Amino acid sequence: MQIYLGLPNYQNNLTWLGFDDADLADGGSDRLVDAIVAWGDEAAITRRIQAHYDAGADHVCVQPLRPDGQPGPDSRALDALAPARR
């Protein structure tokens, strides 16, 4: 998240959505993280994905962050979540 929160285009969009400088500082406020990151166990994340479909989305992009903080997706999370929409 820290990379994205340092990019002006993301900052501008988040500000437009109602977040302020305090939300963008230090890796993001709890309010910001809870709003834009689906986190928790597999069931919690699946519910967040489903909420997007329930709200009318016809596709949802999932970008699972690695728990070790390294670049690249968490392939285990993709494998776990992919069956939810097959």
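The structure this text deals with has already been given above.
Residues numbered from 1 in each chain as written. Predicted model: local features only at pLDDT ≥ 70, side-chain atom pairs only at ≥ 80, totals over all residues. Heavy atoms only, no water.

On to the layout of surface pockets, then. The calculated volume of the largest pocket comes to roughly 1,000 Å³. What lines the largest pocket is a set of 32 residues, and nearest its centre among them are Ile36, Val37, Ala38, Cys61 and Gln63. Those elements giving two or more residues to the lining of the largest pocket turn out to be helix H1 (2-5), helix H2 (8-16), helix H4 (30-36), helix H5 (42-54) and helix H6 (75-81). Looking at the lining of the largest pocket, the element that brings in the most residues is H5, giving 5 residues. (1 Å grid on protein atoms, 1.4 Å probe; cavity = no way out; pocket = protein on both sides within 12 Å on 5 of 7 lines; lining within 4 Å. Points joined across faces, edges and corners; volume = space filled by probe spheres on them. Helix = DSSP H or I, 4+ residues; strand = E, 2+ residues; numbered from the N terminus.)

Quick look at the nonpolar core now. In terms of nonpolar packing, the biggest core is built from 5 residues, these being Leu5, Leu14, Phe19, Leu24 and Leu32. Leave out the neighbours within four places in its chain, and Leu5 touches Gln11, Leu14, Leu24, Gly27, Gly28 and Leu32. (Core = buried A, V, L, I, M, F, W, Y, C linked by side-chain atoms within 4.5 Å. Buried < 20%, exposed > 50% of the residue type's maximum accessible area, 1.4 Å probe, protein only. Contact = heavy atoms within 4.5 Å.)

On to a nonpolar patch on the surface, then. A cluster of nonpolar side chains, namely Ile3, Tyr4, Leu7 and Tyr10, defines an oily patch on the protein surface of about 370 Å² accessible area. Tracing the chain through its elements places Tyr10 in helix H2. For Tyr10, a relative accessible area of 36% puts it in the partly exposed group. (Patch = residues over 30% accessible without salt bridge, like charges linked within 9 Å, V, L, I, M, F, W, Y side chains within 5 Å. Areas by Shrake-Rupley, 256 points an atom, 1.4 Å probe, with all protein chains shown as cover. Salt bridge = Lys/Arg side-chain N within 4 Å of Asp/Glu carboxyl O.)

Moving on to the environment of Gly28. Looking at where Gly28 falls in the secondary structure, it is placed in the loop between helix H3 (21-24) and H4. Classification of Gly28 by relative accessible area gives buried; the value is 17%. The spatial distance from the C-alpha of Gly28 to the C-alpha of Tyr4 is 10.0 Å, given a sequence separation of 24 residues. Those residues in contact with Gly28 that lie beyond four places of it in its chain are Leu5, Asp23 and Val33.

One pass over the full model with this rule turns up 3 salt bridges. Taking the shortest distance from any N to any O, the salt bridge between Arg31 and Asp23 comes out at 2.6 Å. A residue is classified by how much of its surface remains accessible, and Arg31, at 46% relative accessible area, is partly exposed. Judged by its relative accessible area of 6%, Asp23 is buried. Across the pair Arg66 and Asp68 runs a salt bridge, and its minimum N-O distance is 2.6 Å.

The next subject is the environment of Asp68. Within the secondary structure layout, Asp68 lies in the loop between H5 and H6. Judged by relative accessible area, Asp68 falls into the partly exposed class, the value being 46%. Polar side-chain contacts of Asp68 include one of 2.6 Å to the side chain of Arg66. One polar contact links the side chain of Asp68 to the main-chain amide nitrogen of Gln70, over a distance of 2.9 Å. (Polar contact = N/O pair within 3.5 Å; in protein donor to acceptor, adjacent residues only side chain to side chain.)

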